[in-house]
Each structure stands twice: as structure tokens, then as C-alpha cells.
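# Breakdown of the fold
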Amino acid sequence: MLPDAVERAADALGMAFGDAIGFGRLRWVELTFGDGRTPVRIKGPLELLDLKARIRRAGDARLADYVCTLARLTDNGVEVLGGGLARAEVEFVELSLTPLELAAVEPACAARAEVQAPRPPRDLPLPVPQPPAIDERWAAALAESRRAERLASLEVDEGARPERGDVVNHRQFGRCTVVKIDDEHVSLRKPDGRVVQLGLTVLRFTPAGREDKHAVFDVEVARGA
């Protein structure tokens, strides 16, 4: 089945970000058009003239786009079809996978410009839509995956320490927000708005969960300090 076969091949290669192309023959296909509404099933046999895919993955987050060009023999001759590939049953398929630089999926590079192409004359086949370049969905998925990995690591790291924006529960000062932290000191904004600076060498932070996009820590003075 497609796209399962492509994603299994990408997983086997450990490919987190890359392109796939292919050709083959299908027994049937489900295509999407425009804004990706309910897929349209087309019976085969169909020649898979061209398959293109872009795959991105970070942690448990996965985003992929598939488009294809197909041909089939009808009573009126050869018919060429194209669209987004939702699902298909394969008779056979040849695939080539190309890993791409992971740096290309950084959120700062996620912006994508879209240009409306002129519509071709009616007697020409419509162009096959291409997989979108890196878009805002992937930027958000990547950022969320990295945040989840960091918060998960804090839950098992006894020596973890907060970052700017995290919440610290201090026995004397109450619920504070980290405004600055370096190798020696941490600056906390107290509930009354005042900022206090503490030495890190005498503090021990214990992860206490998460709140919105930030980690929460309990803090106490280390024994013997």
C-alpha cells in the first residue's frame, strides 16, 4: 500500500527529512484535489508514471505530502490523471529516496511563498500539484517535538536546571519566574515583581511538571551549603 511503503522505507533508512520519487503500477488509487477534501477512488489498473513525496519527521511528529501522475486505458483512449495521493494498492513500485539537510527544516526557514499560476487552456491537462516546501505545520511540529523532548528529559534528570521563562517554586519567595540564568547565578522575578539573584552552587532544582510551554521546578538549598 501507498503511502505506507514509502514511510517504511524512510524509517528503515533512518531518514528524518527527505524526498522520494517513484513509478510503478497500481490496482486502484484514492486522489485528493485542491484543499484535500474527501478522496476520490479511481479503479485500475493504472500506470504510476510519477510519484513525488516529501517526508519530515522529528521525534513522534511526522508530516508528509504525496502527489502523483497516473495513466489508464479507457474506451476513449489513454487518460492521464494527477493529484494528491491519499492511498493506493500497489502491484509493483520502484522507489528512490534522497535524504536532505536537516538544517533546512529549522523554523526560521519555514516560511513559504505561494504564487498562483495561470490556468492552462482547457484542452491541456492540468498540472500536477507539487508537494509544498517546508510550511508552518512542520515548523510547529518540530518546535513542539523539541519542547516535549526537553521537558521529558527534565523529568528524569536529577541535575536539571531551569531556563529563562521557566517557573521556580521557592519556599521563601513563592512562585517565581526565571528572568536570567548563567553558570553561576539565577535571577528570579518574585510575585511582587522584584528580582532577586541567587547563587546556583547552593541550590538544587527538582522538576515538578510543566505549565503551558515552560517547565516547573521546586528549589531548595542544597545540604551542606
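Structure: see above.
Moving on, we get to the overall build of the protein chain. Tallying secondary structure elements over the protein chain gives two helices and ten strands in all. In sequence order, the secondary structure elements of the protein chain are arranged as α-β-β-β-β-α-β-β-β-β-β-β. Per-residue burial for the protein chain yields a buried fraction of 34% across its 225 residues. Intrachain contacts of the protein chain at a sequence separation of at least 6 include 54% that bridge at least 24 residues. In the structure as shown, the protein chain presents an accessible area of about 14200 Å², 50% of it carried by carbon and sulfur atoms.

Omega for the bond connecting Leu-2 with Pro-3 falls within 30 degrees of zero, at 5 degrees, which places this linkage in the cis form. Here Pro-3 shows up in the segment before helix H1 (4-13). Omega for the peptide link from Gly-44 to Pro-45 comes to 5 degrees, which places this bond in the cis form. Inspection of the secondary structure assignment puts Pro-45 in strand E2 (residues 40-58).

Basis of the calculations
- Residues numbered from 1 in each chain as written.
- Predicted model: local features only at pLDDT ≥ 70, side-chain atom pairs only at ≥ 80, totals over all residues.
- Heavy atoms only, no water.
- Helix = DSSP H or I, 4+ residues; strand = E, 2+ residues; numbered from the N terminus.
- Buried < 20%, exposed > 50% of the residue type's maximum accessible area, 1.4 Å probe, protein only.
- Contact = heavy atoms within 4.5 Å.
- Areas by Shrake-Rupley, 256 points an atom, 1.4 Å probe, with all protein chains shown as cover.

Read these as spatial facts, not as claims about activity.
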